[in-house]
Protein chains: 2
Amino acid sequence: MSIKVLVVEDEDAISHLLKYNLTAEGFEVTVVDDGDEALMVADDFQPDIILLDWMLPNVSGIEICRQLRARAETREIPVIMLTARAEEEDRLRGFEKGADDYVTKPFSMKELVARIQAVLRRANPAAAANLVTFGDIALDRETMRVTRSEANVTLGPTEFRLLETLIKRPGRVYSREQLLDRVWGQDIYVEARTVDVHIGRLRKALNKGGLVDPIRTVRASGYALDETYTG
Amino acid sequence: MSIKVLVVEDEDAISHLLKYNLTAEGFEVTVVDDGDEALMVADDFQPDIILLDWMLPNVSGIEICRQLRARAETREIPVIMLTARAEEEDRLRGFEKGADDYVTKPFSMKELVARIQAVLRRANPAAAANLVTFGDIALDRETMRVTRSEANVTLGPTEFRLLETLIKRPGRVYSREQLLDRVWGQDIYVEARTVDVHIGRLRKALNKGGLVDPIRTVRASGYALDETYTG
DNA sequence: CCACGCTGTCATAAAACTGTCACAGAACTG
DNA sequence: CAGTTCTGTGACAGTTTTATGACAGCGTGG
């Protein structure tokens, strides 16, 4: 099942553009062009996120936003405001009324998608899935197994947790300290460089057989799963 | 580079605690223990937020707050007051003088971090955002990546921070000294001309493939992102 | 008690990045 | 236009950061 996006936008040019591109990105897109309809559709379609134009016929986007927040059924749905205005004051009003983020037209699709994902991550408390995948890598918490391209990968407990941590947010860079906190726990002390060694061990296990390394080293910062990697 | 916090606090016990915990939370923390120093450091370090102790030697926190508001350079920086007093009257005075929030000692780190983030969101949504864009350039703090026209740009740590600094205020001209303060830090000494070299490196990386240079050199002054540039 | 798998630390080598300098060229000045 | 000031940049030596093999300690199961 894919992520459902509700687009509230009255300009056809923009809504078509959005529908086209977001569909291509794998989202399930519904478009409405007016505020009252938006409120109704939000209720029964239950989108995962709403993209809300600021300027709408009849009711302003900000008012929609306020009303969405007032109803139990729609309260939790994150909202990104789309607007031509970049003024500070407007931005503040948007956040005040409960917008989760704010995108100024014109925007790039890349930016929009990144923001959608960021907001969803923030709003969506841990997807407690047993099976997590990243490219051709699959990690199963239940069986404590990791596979790459269907082939079994043998990991020690520490490497397993390390991968488990990294895979939660592919692309995000974790500092050695953050990894120590998350993988080793906050109370125990180990050298930061120990992380390097375990990253090395994880790499060796994961890339056995000459596969491409999916782990990115970010100098002076830490490590991340390379989000541009496609298994 | 992460969010910069300036802590103004004269009690070592507390400032150490703050520095330790906030650093662990991913903030970049600078501590000063006296008001006059705070004003100076705020100017060149340009923190994203200031945690200000109410009781300080020489000058009171509230006075610092007032003076911060009086200067263009520091006016926009949000302030959270730290105080042992919880009386309504003090709280009002704090807000009157321009504090954005108010935390009463003793406080939990969790609470403080939550308030910092709330204040940052309110005061400056862009600074708290992971993704900053300028024209066709996008800088993502979470993944530590920079792209131009969707294409990945490889930067060293220093060039990354340099761009991060410039992109905060496109168009603003930064002197070499200001860039040294903000990008390199206040305590270390390097030649001003070193900035030129890194600007050169940033340019080379950013414009690879014959793209237009978005960085403007302002003779005898410094550098800026060219606000007339449209990606 | 031993073998074994796993761990954390270290030493060392390799890689990546940094700051400076020198010089060429560009931009100003009068 | 000649003189002066400022900027761009290739080269380079030095430094910082990362990768990795080696090793000793630990706990478990035999």
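Residues numbered from 1 in each chain as written. Chains lettered and ligands numbered in written order. Predicted model: local features only at pLDDT ≥ 70, side-chain atom pairs only at ≥ 80, totals over all residues.

Participant: Would you take a moment to explain the protein's contact with DNA strand D for this structure?
Facilitator: Every one of the 16 residues lining DNA strand D counts as a neighbour, but Asp196(A), Thr217(A), Asp196(B), Gly200(B) and Thr217(B) are closest to it. Of all the secondary structure elements, the ones that give two or more residues to the surface near DNA strand D are α8 (193–206) of chain A together with α9 (193–206) of chain B. Looking at the surface near DNA strand D, its residues break down into six nonpolar, four polar and six charged. (Near = placed C-beta within 6 Å. Helix = DSSP H or I, 4+ residues; strand = E, 2+ residues; numbered from the N terminus. Nonpolar A, V, L, I, M, F, W, Y, C, P; charged D, E, K, R; others polar.)

Participant: When you look at the environment of Ser221(A) in this model, what are you seeing that I'm missing?
Facilitator: In this fold, Ser221(A) is placed in the loop between β10 (215–218) and β11 (222–225). Under the C-beta neighbour-count criterion, Ser221(A) is labelled partly exposed, with 16 such atoms within 10 Å. Remark: the alpha-carbon pair of Ser221(A) and Val173(A), spanning 48 residues in sequence, is separated by 7.3 Å. Each residue touching Ser221(A), except ones within four places of it in the same chain, is listed here: Val173(A), Ser175(A) and Met144(B). (Buried ≥ 20, exposed ≤ 12 C-beta atoms within 10 Å, placed from the backbone. Contact = placed C-beta atoms within 7 Å.)

Participant: What's the story with the protein's contact with DNA strand C in this structure? I'm lost.
Facilitator: Residues in close proximity to DNA strand C total 20 residues, the closest being Gly156(A), Thr158(A), Gly156(B), Thr158(B) and Glu191(B). If you list the elements that add at least two residues to the surface near DNA strand C, you get α6 (157–168) and α8 of chain A together with α7 (157–168) and α9 of chain B.

Participant: Help me understand the sheet that holds strand β1 (residues 4–8) of chain A, please; the structure alone is not making it clear to me.
Facilitator: Pairing between the strands of a sheet is mediated by backbone hydrogen bonds and can be parallel or antiparallel. Residues and elements named next belong to chain A. Taken together, five strands build an open sheet; the order of strands is β2-β1-β3-β4-β5 and the sheet is parallel. Sheet topology places β2 (28–32) and β5 (101–104) at the edges, where each strand pairs with a single neighbour. For this sheet, the mean angle separating the axes of adjacent strands, direction not counted, is 20°. Bridge count for β1 against strand β3 (residues 49–53) is four bridges, and the pairing is parallel. Note on β3: the bridge partner recorded for valine 8 is leucine 52. Of the strands in this sheet, β1, β3 and β4 (79–83) touch helix α3 (residues 61–70), which is tilted by about 150° from β3. (Pairing = 2+ DSSP bridges. Axes fitted to C-alpha atoms, helices over the stretch in contact; angles between N-to-C directions.)

Participant: In this structure, what is going on with the packing of α6(A) against helix α7 (residues 176–184) of chain A? I would like to understand it.
Facilitator: Helix packing for two helices is described by the angle between their axes and how far apart those axes are. Residues and elements named next belong to chain A. Running from N to C, α6 and α7 cross one another at 115°; their axes reach a closest spacing of 9 Å. Note on packing geometry: the crossing formed by α6 with α7 is right-handed. Between α6 and α7, the contacting residues are Thr158, Arg161, Leu162 and Thr165 on the first element and Leu179, Arg182 and Val183 on the second. Among the residues making up the contact of α6 with α7, the classes are represented as three nonpolar, two polar and two charged. (Left-handed = near helix turned anticlockwise from the far one by under 90°.)

Participant: Explanation requested: the interface of chain A and chain B in the structure shown.
Facilitator: How big an interface is tends to be stated in terms of the accessible area lost upon association of its parts. With 18 residues of chain A in contact, the opposing surface of chain B contributes 14 residues. At the level of elements, α4 (88–96) and α5 (109–123) of chain A are the ones that each hand at least two residues to the side of chain A that touches chain B. For the side of chain A that touches chain B, the element with the most residues is α5(A), which contributes five residues. Considered class by class, the residues forming the side of chain A that touches chain B number eight nonpolar, two polar and eight charged.

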